[in-house]
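Listed here are the chains, written in short residue letters.
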Amino acid sequence: GEDVEQSLFLSVREGDSSVINCTYTDSSSTYLYWYKQEPGAGLQLLTYIFSNMDMKQDQRLTVLLNKKDKHLSLRIADTQTGDSAIYFCAVPYNQGGKLIFGQGTELSVKP
Amino acid sequence: NAGVMQNPRHLVRRRGQEARLRCSPVKGHSHVYWYRQLPEEGLKFMVYLQKENIIDESGMPKERFSAEFPKEGPSILRIQQVVRGDSAAYFCASSPSDGTDTQYFGPGTRLTVL
């Protein structure tokens, strides 16, 4: 079945860029997703990328997709303390329906 | 526009009791999904429903768990005879009926089994 892997922790200083990486084993879906979870809260849809794109930029967020290597990354420019959260990569399984989530990357932003 | 609503936000049950978790999707969404998040883990898919139909229940435990999404009213995830291992955050998501994948999540119900 589908497997999605992320590194567990990332620590950066305020103002730096953060890059969160994700690898997946297989996806035939048209979209791949990034969600953000703050402590005790639900998941907020951050951004997504269409599978025929290599890159998508949305304000401070840049998503890169390498379909050949099955690698997805999320770059946050000018990281702020309010960006501290857990970030999940999610890949739809079998063309829709259930999402397969990575373990989540806990981003810690130090002032 | 209201997003996905879940209630209760927090639920405490003793072992052996029943837990009922409710989810109202975004208005106009007819697809509902339930996920479970165990402490320090990512989300695991449980079940995918459309109105009055279970589409995919491959992530549901075989016993004690059931889900429904009736023609009227919210989707319900029901856990009978809860055990301590059921303690987790349960998230509901909904997506539009136009076939796009994008799922919007509710705030979750945090179940604690004593």
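Cut-offs and rules
Residues numbered from 1 in each chain as written. Chains lettered and ligands numbered in written order. Predicted model: local features only at pLDDT ≥ 70, side-chain atom pairs only at ≥ 80, totals over all residues. Heavy atoms only, no water. Pairing = 2+ DSSP bridges. Helix = DSSP H or I, 4+ residues; strand = E, 2+ residues; numbered from the N terminus. Axes fitted to C-alpha atoms, helices over the stretch in contact; angles between N-to-C directions. Phe/Tyr/Trp six-rings, centres within 6.5 Å; stacked < 30°, edge-to-face > 60°. Buried < 20%, exposed > 50% of the residue type's maximum accessible area, 1.4 Å probe, protein only. Contact = heavy atoms within 4.5 Å. Buried area = accessible area lost by both parts, 1.4 Å probe. Salt bridge = Lys/Arg side-chain N within 4 Å of Asp/Glu carboxyl O. Polar contact = N/O pair within 3.5 Å; in protein donor to acceptor, adjacent residues only side chain to side chain. Nonpolar A, V, L, I, M, F, W, Y, C, P; charged D, E, K, R; others polar.

Let's shift gears to the sheet that holds strand E7 (residues 61–66) of chain A. Residues and elements named next belong to chain A. Pairing is antiparallel across the open sheet formed by 5 strands, whose spatial order is E1-E3-E8-E7-E6. Whereas interior strands pair on both sides, the edge strands pair on one side only; in this sheet they are strand E1 (4–6) and strand E6 (55–58). For this sheet, the mean inter-axis angle between neighbouring strands, taken without regard to orientation, is 15°. Strand direction decides the pairing type here: E1 and strand E3 (residues 18–24), joined by 3 bridges, are antiparallel. Considered in E3, the bridge of Gln-6 is made with Cys-22.

We now examine the packing of aromatic side chains. Enumeration according to the criterion identifies 13 aromatic pairs over all chains in this entry. Geometrically, the ring pair formed by A:Phe88 and A:Phe101 is edge-to-face, given 6.1 Å between the ring centres and 85° between the ring planes. Separated by 13 residues along the polypeptide, A:Phe88 in strand E9 (residues 85–92) and A:Phe101 in strand E10 (residues 99–101) bring together distant segments of the chain. Residue class for A:Phe101 comes out buried when judged on its relative accessible area of 6%. Arranged with centres 4.5 Å apart and planes meeting at 15°, the rings of B:Tyr33 and B:Tyr48 form a pair that is stacked. Placement of B:Tyr33 in strand E4 (residues 31–37) and of B:Tyr48 in strand E5 (residues 43–50) is noted, with a sequence separation of 15 residues between them. A residue is classified by how much of its surface remains accessible, and B:Tyr33, at 2% relative accessible area, is buried.

It is worth spelling out the pairing of strand E4 (residues 31–37) of chain A at this point. It is a general feature of regular strands that their side chains alternate between the two faces of the sheet. All names here are of chain A. Where burial is concerned, most of E4 is hidden: 6 out of the 7 residues are buried. By the bridge criterion, 7 bridges tie E4 to strand E5 (residues 43–50) in an arrangement that is antiparallel. Each residue of the ladder has a partner; that of Lys-36, found in E5, is Gln-44. The hairpin formed by E4 and E5 contains 5 residues between the paired strands, and Gly-40 there has a positive phi angle of roughly 70°. Direction of pairing for E4 relative to E9: antiparallel, over a ladder of 5 bridges. Looking at E9, one finds that Trp-34 is bridged to Cys-89.

For the rest of this paragraph, the subject is the interface of chain B and chain A. Taken together, the 20 residues of chain B in the interface contact 20 residues of chain A. Interface of chain B and chain A: buried area, both sides summed, is about 1,500 Å²; carbon and sulfur atoms make up 55% of it. The largest contributions to the chain B side of the interface with chain A come from B:Leu43, B:Asp101 and B:Phe105, which together make up 35% of the buried area. Our count for the contact surface shared by chain B and chain A stands at 0 salt bridges. The interface formed by chain B and chain A holds 7 residue pairs in polar contact (both at pLDDT 80 or more) in total. When contributions to the side of chain B that touches chain A are tallied by element, the ones reaching two or more residues are E4, E5 and strand E10 (104–105) of chain B. When its residues are assigned to classes, the side of chain B that touches chain A shows 9 nonpolar, 6 polar and 5 charged.

Once that is clear, we can look at the pairing of strand E7 (residues 65–68) of chain B. All names here are of chain B. Only one face of E7 is covered, namely the one carrying Phe-65 and Ala-67; the face carrying Ser-66 and Glu-68 has none of its residues buried. Taken together, the 4 bridges between E7 and strand E8 (residues 75–79) define a ladder with antiparallel strand orientation. Counterpart to Phe-65 in the pairing with E8 is Ile-79. Turn length for the E7-E8 hairpin, with the two strands adjacent in sequence and antiparallel, is 6 residues, and the turn residue Gly-73 shows positive phi of about 100°.

Moving on, we come to the side chain of A:Gln6. Residue and element names in this part refer to chain A. Structurally, Gln-6 is set in strand E1. The buried category is assigned to Gln-6, whose relative accessible area is 6%. Of the polar contacts made by the side chain of Gln-6, one reaches the side chain of Thr-105; its length is 3.1 Å. Not counting residues within four places of it along the chain, the set of residues in contact with Gln-6 comprises Ile-20, Asn-21, Cys-22, Trp-34, Tyr-87, Phe-88, Cys-89, Gly-102, Gln-103, Gly-104 and Thr-105.

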